Structures are given as C-alpha cells and as structure tokens.
Amino acid sequence: MTSNPEADIQNSQRFYPFDRAAIAAIALLFVFVIGLTVFGKFLTPKVAGFSWQDRKIGADARAFVLKFKRPMDRASVETNLQIEPDLPGKIAWGDRELFYTLLQPPVYGENYQVTLQGAKERYGEWGAGGRRIETFQGMFEARDRVFAYLGVEGDERGKLILYNLTQERKQILTPPDLIVIDFKPYPDSERILFSAIDSASVDRDLRDLQLYTVTTGLNSTQPFGRIQPILDARTYQNFQFDLSTDGKTVIIDRENPLNPSDTALWIVPGAGEPRSLGIRGETFAIAPDGQTLAVGQERGISLIPLTPQAPPLAFLPGYEEILEFSPDRAMPLLLDILPDGTRSLVLVKGRGLSPKRIPIAGLVRDCKFSPLQTDILYCFQLGGKNQPPEQPLLSLIDLKKVRETPFLALTDYQEVVMSLSPDGLTLLFDQVVTTPSGFEGDPSQPETLAASIWLLRLPDPSREGDRAIAIQRPEKLFPGLNPVWLP
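Residues numbered from 1 in each chain as written. Predicted model: local features only at pLDDT ≥ 70, side-chain atom pairs only at ≥ 80, totals over all residues. Heavy atoms only, no water.

(A) Spatial organisation of the nonpolar core. Residues Leu66, Phe68 and Leu116 are the most contacted members of the largest nonpolar core, which totals 25 residues. Elements with a contribution of two residues or more to this core: strand E1 (47-50), strand E3 (63-68), strand E4 (81-84), strand E6 (97-102), strand E7 (111-116) and strand E8 (136-142). (Core = buried A, V, L, I, M, F, W, Y, C linked by side-chain atoms within 4.5 Å. Buried < 20%, exposed > 50% of the residue type's maximum accessible area, 1.4 Å probe, protein only. Helix = DSSP H or I, 4+ residues; strand = E, 2+ residues; numbered from the N terminus.)

Shown next, in the form of structure tokens:
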C-alpha cells in the first residue's frame, strides 16, 4: 500500500486547528485547577470584620457586629460563638452579618475575648457540605473603673479629682485658684462639667460661681486638666445645674442680682447662645431623652419641652420631688407624701396609664435604677421598717414585688451622695462627720468636717436570693466628697 504525500499533508492541515483547541482547553483546565488549589484559601469562610476589635467600650455600647466573607450556617455560628468572660446577649442576623446585642453592661475593668471556631458556611461547592470557618479571635475591653470626687484635705481641698480604681491612680484635674462646688461628667467620660468659684472669693456667698469644663485624659488624645469656661457670672448669678444624658444640653438656675424677680432656668445648648426658659424651679432634672425638663413647682411636677415655643407636655399634681428616670428613658420616679404622712415612690407611666405606687416606710432622698435589672432600685433614705425615723439607710426596693429591704445602716448623715457604677456591681457613697465648734471645752476651736468615700460591692441580681442576703461590708477608700462614677 502506497501513501499519498499530498493527502497526508491535507489531512494534517485539516485536523490541526482542532488539536490546537483541545490543547488550549486542557491548559485552561489545568490553570483553573491550580488556581483553585493555590487560591482556594481565599474562598474559605472567615470573619471579615469585628466592630469592637481592640476597642474600649462603656455601658453605652449596645451591640457589636461580626461580618462574614461568605453566607454562614447561622445555627452553627450561634452554637460556636463564645465570649469570655461571659457577656449575655441576643443574636440577630443580616445577610452576612451577625448582630450581638448586650442584655447587660460589660463589667468595667474586664478584658473580653470573642472566639468563633467550628462554624460552617451555608453552601458548599458542587453539592459538598459547607466548609468550616477559619478560627477567629477578637479582643475588646471595658473602660476602667473611674470616678470623680471633691477633695477635702490638704492640697486636695476644693479640687476636682479623678481616681482610676482599676489602676489605683489619682489625678487632680483643677488648678489651685478654683474651688469646685459641683460637677457632672459627660457621657463619653472625656470631659467633666463643673461649677467653681475663685479661691479668693470664698467669703462672697458663691456669687461668682461660674461653669467650666475640664478634660479627663480618658478615651481621647487630649491630656487631662484642660479648662474651658462655659458660663460666667458677670450679669447673672449661677446656682445648681444639670447636664443631659447625651451631653448636649445644660440647664442652670440663674438670678439677676440687680433684679431678683429676674430669676429663671436657663438652657445652655451645645451650640448657640444661652437663653432663659422663663420658668422658675429650684428642683429640676433633664429627662434622658434630652428633650424634656422635669421641674418641681409649688403644687407638683411640670414636664416641659426644651423645644422653643412648644406647649407644656404635662403637669403631675401633688408630687414632692423628682428622684430619677426609668432606664427606658420614659418614666420619672417621683416622691409623694400623702396628707396622713405616709410616703410612696411613684413611677409615672405614659399618658392614660395609672402610675405605679410603692409604699415606703422611710423618707427617700435619692434612688438609682440598677443597670442589671430595671425593676431594682438602690435608695438612700431616712428611717425604714423597724428603724428610727432619722436613721440613715441604704435600701433595695423591688418594684416588681413591691418590697422594701434595708440592707445597710449608715453611721452619719449629711446629705449622703451615692453613685451606682455603670455596670451595676458597685455603689459609691460618702459619709460626713462634723465636729462642732467648742469641742472638748475649747470655744476657740472651729467646726471641723471629715468626709470619707466608701465602696460597697453589690450582689449579682441574677442569682436567686442574693438581693436580700449577700450584701458585703463597705470598704472605706479615702477622704473625699460627692463621689460620681464616670460613664
């Protein structure tokens, strides 16, 4: 059999394009397989972002977000997500986002670790089961335990002082030429609003009281101790004040010394000029919404909007004092003294609803809602069940069970100031002892004042029975007045 050279050449030319296409397809397939092998790790499910990574958070932090590269099997994520120490919360989902909302504030001074391992993606490749997520570890920490107070001894007398309980470090914030009278911390803890007089005007009956802010050096790059004037006393005398929860509004009681009838509450907005509200009131408090002012008046409590020209919201007749607002920022807690002398705490609900009344045995002077359980109040009062009427007490009041439980008798009483920590675990209060003039037979000896700050560790209200029986002895810290936890 003889071959035809010309036919062979024609056949080779006929099939050569098909051979070339096959070789190209094989090469592309090879490159694709190599690509999957080399770059497959980039398709492995993983956490793409953690909103609290390396952040320092406070009680105002409500939720963190975990973002994922790929759609995840939600049940496997929820089962394998761990937070140490434990931080209870509830989970909600977006498309590739997990939202973890805290059920209680973080414990201040703690470092937290968020771990996710063993969770699977929702869809596998080519029908295979979902792959396990790349192990994730995130870190965040709660703010240090920090409070401010007024010094009473030596070089600290009249100064505003910051104390970091976590680091056991003290800082004097205000200069020697100012004597601080009162203060309120801002919600971000970076500044404190305070009233003060010049040290040379102590004997002038506080007529030169002015408002200032001072930086704390916390949670920012600003150093501590920077003073900024807010409101002077050139035309009006300044008295007590309140700062809104969001830090945007100040309300202050002012009087024109040349015209005492020109006395009213003023609003000092974060931006803009101070202006008179045309309302008098010696007791007042800004509601947590920052838009409403509760003012104690002759026959009751008025709820007044802070929006210009808006009509009054409500008048609550017969109540004596504004004590606190509920954690949901909706209901004021008021003190009511009935004609027969009996007393009650009254939690005012929304319009058209009956207020909740809690009978009490003593005279309540101050109350704080627990951040851990909204039906628990810690109160300072005079007298109580089976107690002398002037006995100063710290009490726990259960709004749900309508039960009053005194748990600590105090030895001295001079307008005790108490402050509940943002995580609800500790209570600060001060105790003042006054030695009258002429002590020990020496009439030339002046009256002296000794004040101390005390720390009381509170029980965990989530544990059954702790509310009434697990109160520890308070710890005496150091001399000082008016301790206030920073948010």
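(B) Structural context of the sheet that holds strand E29 (residues 376-382). A sheet is described by the order of its strands in space; here 4 strands give the open sequence E28-E29-E30-E31, paired in antiparallel fashion. The sheet terminates laterally at strand E28 (363-369) and strand E31 (403-409), the two strands that pair on one side only. Going across the sheet, the axis of each strand differs from the next one's by a mean of 30 degrees, ignoring polarity. By the bridge criterion, 6 bridges tie strand E30 (residues 392-398) to E31 in an arrangement that is antiparallel. Along E31, the bridge assignment pairs Leu393 with Ala409. (Pairing = 2+ DSSP bridges. Axes fitted to C-alpha atoms, helices over the stretch in contact; angles between N-to-C directions.)

(C) Quick peek at the pairing of strand E20 (residues 283-286). The sheet contact formed by E20 and strand E21 (residues 292-297) spans 4 bridges and is antiparallel. Within E21, the residue paired with Phe284 across the bridge is Val295. Between E20 and the antiparallel strand that follows it, E21, lie 5 residues; Gly290 among them carries a positive phi value of about 75 degrees.

(D) Geometry of unusual backbone geometry. Here Glu84 and Pro85 are connected by a cis peptide whose omega angle stands at -10 degrees. Turning to its location among the elements, Pro85 is positioned in the loop between E4 and strand E5 (89-93). Backbone geometry places Asp54, a non-glycine residue, at a positive phi of 60 degrees. Mapping Asp54 onto the fold places it in the loop between E1 and strand E2 (56-57).

(E) Broad picture of the side chain of Asp430. Along the chain, Asp430 falls in strand E33 (residues 426-435). Despite its burial, Asp430 pairs with no opposite charge; the closest candidate is Lys368, at 12 Å N-O. A polar contact is formed between the side chain of Asp430 and the backbone nitrogen of Val417, at a distance of 2.8 Å. For Asp430, the side chain forms a polar contact with the main-chain nitrogen of Asn482, separated by 2.9 Å. When near neighbours in sequence (up to four residues on either side) are disregarded, Asp430 contacts Glu415, Val416, Val417, Ser452, Ile453, Gly480, Leu481, Asn482 and Pro483. (Lys, Arg positive; Asp, Glu negative; His and termini not counted. Salt bridge = Lys/Arg side-chain N within 4 Å of Asp/Glu carboxyl O. Polar contact = N/O pair within 3.5 Å; in protein donor to acceptor, adjacent residues only side chain to side chain. Contact = heavy atoms within 4.5 Å.)

(F) Region of interest: the state of the cysteines. Per the stated rule, a full pass over the model turns up 1 disulfide. Each sulfur in the disulfide pair Cys367 and Cys379 lies 2.1 Å from the other. Across the S-S bond of Cys367 and Cys379 the torsion is about 110 degrees, and the bridge reads as right-handed. Of the two residues, Cys367 is situated in strand E28 and Cys379 in strand E29; the sequence distance between them amounts to 12 residues. Like Cys367, the residue Cys379 is buried in the burial classification. (Disulfide = S-S within 2.5 Å.)

(G) Representation of the pattern of salt bridges within the structure. Enumeration over the complete set of coordinates arrives at 11 salt bridges. Close ionic contact of Arg131 with Glu121 constitutes a salt bridge, the shortest N to O distance being 3.0 Å. Here Glu121 lies in the loop between E7 and E8 and Arg131 lies in the loop between E7 and E8, a separation of 10 residues in the sequence. Taking the relative accessible area as the measure of exposure, Arg131 reaches 26% and is therefore partly exposed. Taking relative accessible area as the criterion, Glu121 reaches 2% and is therefore assigned buried. For Lys368, the salt bridge is made with Asp366, and the minimal N-O distance between the two is 3.8 Å.

(H) Examining the environment of Asp398 more closely. Considering the arrangement of structural elements, one finds Asp398 in strand E30. The spatial distance from the C-alpha of Asp398 to the C-alpha of Tyr378 is 9.0 Å, given a sequence separation of 20 residues.

(I) Structural context of the environment of Leu456. Mapped onto the fold, Leu456 is located in strand E34 (residues 448-457). Spatially, the C-alpha atom of Leu456 lies 6.3 Å from that of Leu428, the residues being 28 residues apart in sequence. What Leu456 contacts, discounting residues up to four positions off in sequence, is Leu394, Phe407, Leu408, Leu425, Thr426, Leu427, Phe429, Ile471, Gln472, Arg473 and Pro474.

(J) Inspection of the packing of aromatic side chains at higher detail. Under the definition given, this model contains 18 aromatic pairs. For the ring pair Phe68 and Trp93, a centre distance of 6.0 Å and an interplane angle of 25 degrees mean the geometry is stacked. Of this pair, Phe68 sits in strand E3 while Trp93 sits in strand E5; the two residues are 25 residues apart in sequence, bridging distant segments of the chain. A relative accessible area of 5% means that Phe68 is categorised as buried. Between Phe147 and Tyr163 the ring centres are 5.7 Å apart and the planes differ by 50 degrees, which places this aromatic pair in the tilted class. You can see Phe147 sitting in strand E9 (residues 146-150) and its partner Tyr163 sitting in strand E10 (residues 160-164), a full 16 residues away along the chain. Taken individually, Phe147 and Tyr163 each receive the classification buried, so the pair is uniform in this respect. Put simply, the rings of Phe50, Trp52, Phe64, Tyr100, Tyr112, Phe136 and Phe140 pair up and form one aromatic cluster. The positively charged end of Arg254 is found above the aromatic ring belonging to Trp266, 4.7 Å away from the centroid. (Phe/Tyr/Trp six-rings, centres within 6.5 Å; stacked < 30°, edge-to-face > 60°. Lys NZ or Arg CZ within 6 Å of the ring centre and 35° of its normal.)

(K) Representation of the sheet that holds strand E15 (residues 227-231) in the model. Strand order in the open sheet made by the 4 strands is E12-E13-E14-E15, with antiparallel pairing throughout. Bordering the open sheet on either side are strand E12 (178-185) and E15, each of which pairs with just one other strand. Across the sheet, the mean angle from the axis of one strand to that of its neighbour is 35 degrees, orientation sign disregarded. Here E12 runs beside strand E13 (residues 191-198); their pairing, made up of 7 bridges, is antiparallel. Across the sheet, residue Lys184 finds its bridge partner in E13, namely Leu193.

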